[in-house]
Amino acid sequence: MPLSKEEIEELYSREAKRYDSSIDAVRKIFGSRYLEHLATAVDELAAEPGETVVDLACGTGLNFERILERVGEGGRVIGVDLTAAMLEKAAERILRHDWKNVELVHADAAAFEFPPGIPRVISTAGITLIAEYDEVIARAARALAPGGRLVLYDFKIPEDWPEWRIQVQMRIRARFGQTRDLEERRPWESVARHFPVHRTRELYSGLAFLSVGEIPPPPQGRG
Ligand SMILES: C[S@@+](CC[C@H](N)C(=O)[O-])C[C@H]1O[C@@H](n2cnc3c(N)ncnc32)[C@H](O)[C@@H]1O
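Attention in this report is confined to the structure presented alongside it.

### Comments concerning the overall build of the protein chain
- For the protein chain, the count of helices and strands is seven helices and seven strands.
- Mapped in sequence order, the helices and strands of the protein chain form the string α-α-β-α-β-α-β-β-α-β-α-α-β-β.
- Taking the principal axes of the C-alpha coordinates as reference, the protein chain spans close to 60 × 40 × 30 Å.
- Among the 223 residues that make up the protein chain, the fraction classed as buried is 35%.

See the structure below:
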């Protein structure tokens, strides 16, 4: 059974304090490439100076710095998350860096109204936690401006894994609120359904995916 939104919020309220340090510890001890993958996801977003980026399920704001390097002081980040305690950590990060152009929104992504004509939307390790992910992806596709782009990075279960391996993996993933329904959640298929231009690749030997959906820019006139 997937966790309810209340259970997810409760879990991440408990995790918030140690979220960043545990990601760092997993990197140091097990050589996790999670932070590298987040960087790849932000690079795939290809945000331009001055653009606004929505970071859905932004958590403690691990993506903010790299996004801001791209959009500069004239751009903006809107971080949306369900869990107040994760957003408090994000707010601390914003204060620490004295960023003036990051706005935090405490909301369920399923109810979040994207600003119309938004150029970029990203979500890392969040979309599979959202039961209504297909509707969220469809809404992002409708809100994106021509030339706009959505990037999703998240975990999945490799199709050819034996049951025992899935069980071990799900024990690890439970800490982050993921349950066996992860097997049924296929956001990359939603990206393919709702975006005229799309591509997906696997990372971590099929344990993660990175999907990019694009709204093509208007055709250039011949002048
Ligand atoms: C694994 S963390 C990922 C945080 C961040 N994106 C990162 O890569 O470090 C998952 C986040 O998803 C958020 N989340 C889960 N369900 C959500 C929903 N329905 N709407 C918005 N945020 C949600 C949680 O509160 C948590 O902060």
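This is not the end of the story, as more comes after the structure.
### Quick word on the sheet that holds strand E1 (residues 52–56)
- One open sheet holds the seven strands; their spatial order is E3-E2-E1-E4-E5-E7-E6, and the pairing between them is mixed. Strands with a single pairing partner mark the edges of an open sheet, and in this sheet they are strand E3 (102–106) and strand E6 (197–203). Neighbour-to-neighbour, the strand axes of this sheet turn through a mean angle of 15°, independent of strand direction.
- As defined by bridge partners, strand E2 (residues 76–81) adjoins E3 across five bridges and the pair is classed as parallel. Paired with glycine 79 across the strands is leucine 104, a residue of E3.
- Here helix H2 (residues 34–45) sits on the sheet and contacts E1, strand E4 (118–124), strand E5 (144–155), E6 and strand E7 (208–214); the angle it forms with E5, its principal contact strand, is near 165°.
- This element, helix H5 (residues 133–143), spans E4, E5 and E7 of the sheet and lies at about 155° to E5.

### Remarks on the site of the ligand
- Taken together, 22 residues lie around the ligand, and Ala57, Gly59, Leu82, Thr83 and Ala109 are the ones closest in.
- Secondary structure elements with two or more residues in the shell around the ligand: helix H1 (5–30) and E2.
- Sort the elements by how many residues they give to the shell around the ligand and H1 lands first, with three residues.
- Across the shell around the ligand, the residue classes break down as 15 nonpolar, four polar and three charged.

### Thoughts on unusual backbone geometry
- Of note, tyrosine 204 is a non-glycine position whose phi angle comes to about 50°, a positive value.
- Located in the positive-phi region is serine 205, a residue other than glycine, with phi close to 50°.
- Positionally, serine 205 belongs in the loop between E6 and E7.
- Serine 205 sits in the exposed class, given 7 other C-beta atoms within 10 Å.

### What about the packing of H5 against helix H7 (residues 187–194)?
- The geometry of H5 relative to H7 is characterised by a closest axis approach of 9 Å and an angle of 35° between their N-to-C directions. Seen from above, H5 lies across H7 with right-handed handedness. Note on element contacts: H7 touches H5 through Pro187, Ser190, Val191 and His194, opposite Tyr133, Asp134, Ile137, Ala138 and Ala141.
- Here the residues of the contact of H5 with H7 are counted per class, giving six nonpolar, two polar and one charged.

### What about the packing of H1 against helix H4 (residues 84–97)?
- Contact geometry of H1 with H4 gives a least axis separation of 7 Å together with a crossing angle of 25°. Classified by the angle their axes make, H1 and H4 are roughly parallel. For the pair H1 and H4, the contacting residues are Tyr12, Ser13, Ala16 and Tyr19 in the first and Ala85, Met86, Glu88 and Lys89 in the second.
- A breakdown of the residues in the contact of H1 with H4 according to their chemical character gives five nonpolar, one polar and two charged.

Cut-offs applied
Residues numbered from 1 in each chain as written. Predicted model: local features only at pLDDT ≥ 70, side-chain atom pairs only at ≥ 80, totals over all residues. Helix = DSSP H or I, 4+ residues; strand = E, 2+ residues; numbered from the N terminus. Buried ≥ 20, exposed ≤ 12 C-beta atoms within 10 Å, placed from the backbone. Pairing = 2+ DSSP bridges. Axes fitted to C-alpha atoms, helices over the stretch in contact; angles between N-to-C directions. Contact = placed C-beta atoms within 7 Å. Near = placed C-beta within 6 Å. Nonpolar A, V, L, I, M, F, W, Y, C, P; charged D, E, K, R; others polar. Left-handed = near helix turned anticlockwise from the far one by under 90°. Parallel < 35°, antiparallel > 145°, perpendicular 65-115°, else oblique.

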